[in-house]
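Listed below, chain by chain, are the residues.
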Amino acid sequence: KQEVTQIPAALSVPEGENLVLNCSFTDSAIYNLQWFRQDPGKGLTSLLLIQSSQREQTSGRLNASLDKSSGRSTLYIAASQPGDSATYLCAVHGSSNTGKLIFGQGTTLQVKP
Amino acid sequence: GAGVSQTPSNKVTEKGKYVELRCDPISGHTALYWYRQSLGQGPEFLIYFQGTGAADDSGLPNDRFFAVRPEGSVSTLKIQRTERGDSAVYLCASSLNPGLAGYNEQFFGPGTRLTVL
């Protein structure tokens, strides 16, 4: 059974720092991995999607990497801003292609001005 | 519409009542998903539709939960005899084609917050 873990559960950093959020999964046979952002009381906003054949994806100040063999992904946020404060969720799409995403519990990030 | 929409945004009901939650996916998306998110947790998969049919309903917790998508667009999640433990945010997502790289990104709606008193 696929399990997804995100460490740390919460993170507080001063504005301007570069930071890394970690995601690990137990079954390396995944179809893709997606990173989301969730603001309090809101739905999920897709940030980056990495297909299983890819090693990384970049969007602006965000870079996500994927190492399937070790069951790990990282989300790198450069030059963090207070507006980056939110919960970040990673989710894996299993190789059986049923469509369902399996989520971690999220990392809640606070960027202090 | 431009994104996935869900109605109502909030629903308060009493234990034992029946509720319906609606999801309107992105136009042209054939795949539709329902998830449930409890406070402080990541979303948990409930059911996946490809077109009109439920391709995977393995996440539905019991037979009080049922979902339909009769015309392959709008979907309704139905919960009978609601219990306090059903209180959560119910999220809907859609994608173009879950089996095709480049078309399998899931886009989420704002969710329906269900409170069972």
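Residues numbered from 1 in each chain as written. Chains lettered and ligands numbered in written order. Predicted model: local features only at pLDDT ≥ 70, side-chain atom pairs only at ≥ 80, totals over all residues. Heavy atoms only, no water.

## Some words on the overall build of chain B
Argument step 1. Along the backbone of chain B there are 0 helices and 11 strands.
Argument step 2. Mapped in sequence order, the helices and strands of chain B form the string β-β-β-β-β-β-β-β-β-β-β.
Argument step 3. The 117 residues of chain B split such that 44% are buried.
Argument step 4. Of all intrachain contacts in chain B linking residues separated by at least 6 positions in sequence, the fraction that spans at least 24 positions is 55%. (Helix = DSSP H or I, 4+ residues; strand = E, 2+ residues; numbered from the N terminus. Buried < 20%, exposed > 50% of the residue type's maximum accessible area, 1.4 Å probe, protein only. Contact = heavy atoms within 4.5 Å.)

## Some words on the sheet that holds strand β8 (residues 72–77) of chain A
Backbone hydrogen bonds are what pair the strands of a sheet, in a parallel or an antiparallel way.
Residue and element names in this part refer to chain A.
Argument step 1. Read across the open sheet, the 5 strands follow the order β1-β3-β8-β7-β6; overall the sheet is antiparallel. Two strands bound the open sheet, and with one partner strand each, they are β1 (4–7) and β6 (56–59). This sheet shows a mean twist of 15° between the axes of neighbouring strands, independent of strand direction.
Argument step 2. In this sheet, strand β3 (residues 19–25) lies alongside β1 in antiparallel orientation, the contact comprising 4 bridges. Within β3, the position partnered with Gln6 by the bridge is Cys23. (Pairing = 2+ DSSP bridges. Axes fitted to C-alpha atoms, helices over the stretch in contact; angles between N-to-C directions.)

## What about the side chain of Asp56(B)?
Argument step 1. Relative to the elements of secondary structure, Asp56(B) occurs in strand β6 (residues 53–56).
Argument step 2. Put simply, Asp56(B) is tucked away with no salt bridge, and the nearest opposite charge, on Lys100(A), sits 4.3 Å away.
Argument step 3. Within the local environment of Asp56(B), its side chain forms a polar contact with the side chain of Ser58(B), the two groups lying 2.7 Å apart. (Lys, Arg positive; Asp, Glu negative; His and termini not counted. Salt bridge = Lys/Arg side-chain N within 4 Å of Asp/Glu carboxyl O. Polar contact = N/O pair within 3.5 Å; in protein donor to acceptor, adjacent residues only side chain to side chain.)

## Regarding the environment of Arg81(B)
Residue and element names in this part refer to chain B.
Argument step 1. Summarising the element assignment, Arg81 is placed in the loop between β8 (75–79) and β9 (88–95).
Argument step 2. You can call Arg81 partly exposed: its relative accessible area is 46%.
Argument step 3. As a C-alpha pair, Arg81 and Pro43 span 38 residues in sequence and 22 Å in three-dimensional space.
Argument step 4. In this view, Arg81 contacts Gly16, Lys17, Asp63 and Arg64; residues no more than four positions away in its chain are not counted.

## Some words on the sheet that holds β8(B)
Residues and elements named next belong to chain B.
Argument step 1. The strand order across the open sheet built from 4 strands is β1-β3-β8-β7, with neighbouring strands paired in antiparallel fashion. Looking along the sheet, the strands with just one partner apiece sit at the ends: β1 (5–7) and β7 (65–68). Direction aside, neighbouring strands of the sheet carry axes that sit 15° apart on average.
Argument step 2. Pairing geometry for β7 and β8, over 4 bridges, is antiparallel. Looking across to β8, one finds that Ala67 is bridged to Leu77.

## Looking at the state of the cysteines
Argument step 1. All told, the structure shown has 2 disulfides over all chains when counted by the stated rule.
Argument step 2. Paired by a disulfide, Cys23(A) and Cys90(A) hold their sulfur atoms 1.9 Å apart. Its S-S torsion of about 65° marks the bond between Cys23(A) and Cys90(A) as right-handed, since a negative value means left-handed. Taken as a pair, Cys23(A) in strand β3 and Cys90(A) in strand β9 (residues 86–94) lie far apart in primary sequence, 67 residues in all.
Argument step 3. The class for Cys23(A) is buried, based on a relative accessible area of 2%.
Argument step 4. A sulfur-sulfur distance of 1.8 Å marks the disulfide that ties Cys23(B) to Cys92(B). One quick way to see it: the torsion about the S-S bond of Cys23(B) and Cys92(B) is about -65°, and its sign makes the bridge left-handed. Here Cys92(B) lies in strand β9 and Cys23(B) lies in strand β3 (residues 19–24), a separation of 69 residues in the sequence.
Argument step 5. Among the residues examined, Cys92(B) registers a relative accessible area of 0% and is labelled buried. (Disulfide = S-S within 2.5 Å.)

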